[in-house]
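Close look at the chain arrangement
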Amino acid sequence: DRGVLPPGLRHSQWIGVDGVQCLVQEIKDRALPLKSELADYMIFPLLVHESVDMGIKEEILGGRLTQDSISSRWFVEGIADFCAYMAVLRYQKKAVARMKKAYLELLGKSAAATLDLASEELWWPKGGTGRPEDVIHAYAAAHYLVSSLSREKGPQWIRRTLEGLKRERKGSKTTSGDFCRIARPIVDEDIGTLIRQVKADDVRRFAESL
């Protein structure tokens, strides 16, 4: 049964489900309260985020995880958070405050002046738990960059880059160089340099403006 998870799961761990890595966590009573700030934040925005995230991974990256090509992880997560924000802004505005709060809390704990979105250490810090909520500042920076480029270049840059990635995948793993090469002429900038020098202050101002 494809819907049944393997037995003997630990409290929180990464497992493969149909070839896709998923973070499985136990929740008390196996349910969220339906009327709470946490439920407002979790149920709708994260459903949107994960649907977009998995859609890109399955349709564009062939089911591969974005750590296979760390330079494109920011792109996937940034688009997913961008879509989640636009959705809650239109349909569930009370969730915006929680999203903003999560961004600013982690940005406040980071002393870095710049964020390198192509760095594995940013997304998977040594000694970290592997939980997305521990690297929300990376998601904030990715959302900021996707939003900024969409404003400057027009939202079509996202579609064109996704189409380029899909065309060039051809059954083989997309590499860091592939992503930067595909995206550069679309945004008309050195995307490799751009994603490695995201100013933390710019991301904070962006988060505060949400």
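Rules used throughout
All residue numbers refer to positions counted from 1 along the written sequence of the respective chain. Only residues with pLDDT of at least 70 get local features here, since the model is predicted, and only at 80 or more are side-chain atom pairs given and counted; chain-wide, interface and lining totals rely on the full set of residues. Side-chain numbers here rest on the full set of heavy atoms in the structure, without hydrogens or water. Each residue gets a pLDDT score, which is the predictor's confidence in that residue and runs from 0 to 100. It only takes one pair of heavy atoms within 4.5 Å for two residues to be counted as in contact. Every helix listed is a DSSP run of H or I at least four residues long, and every strand listed is a run of E at least two residues long, numbered separately from the N terminus. A helix is expected to span 1.5 Å for every residue after the first. Only protein chains enter the accessibility calculation, which uses a 1.4 Å probe; a residue is then buried when its area is under 20% of its type maximum, exposed when over 50%, and partly exposed in between. Here the arc refers to the set of directions running from the helix axis out to each C-beta atom. Simply put, an axis is a line fit to the C-alpha atoms, just over the touching stretch for a helix, and the angle between two N-to-C directions goes from 0 to 180 degrees. Should an angle lie under 35 degrees it is considered roughly parallel, over 145 roughly antiparallel, and from 65 to 115 roughly perpendicular; all remaining angles are considered oblique. Residues are grouped as follows: Ala, Val, Leu, Ile, Met, Phe, Trp, Tyr, Cys and Pro are nonpolar; Asp, Glu, Lys and Arg are charged; every other residue, Gly included, is polar.

So, about the confidence of the model for the protein. Averaged over all residues, the pLDDT of the protein is 77; the fraction at 70 or higher stands at 70%. Confidence drops under a pLDDT of 50 for residues 1-6, and excluding neighbours within four residues, the segment shows four contacts in the predicted structure. The low-confidence segment residues 26-34, where pLDDT is below 50, has eight contacts with residues more than four positions distant or belonging to other chains.

Below, the discussion takes up helix α6 (residues 156-169). Across its 14 residues, α6 extends 20 Å between first and last C-alpha, which sits within 8% of the 20 Å expected from 1.5 Å per residue. Listed in full, the buried residues belonging to α6 are Trp157, Ile158, Thr161, Leu162, Gly164, Leu165 and Arg169. Along the axis of α6, the buried positions cluster into a sector of 160°, meaning they face one direction only.

At a minimum axis distance of 9 Å, the contact between helix α5 (residues 136-153) and helix α9 (residues 200-209) shows a crossing angle of 80°. It follows from the interaxial angle that α5 and α9 lie roughly perpendicular. Contacts between α5 and α9 involve Ala140, Ala141, His143, Tyr144 and Ser147 from the former and Asp202, Val203 and Phe206 from the latter. Its residues placed into classes, the contact of α5 with α9 shows five nonpolar, two polar and one charged.

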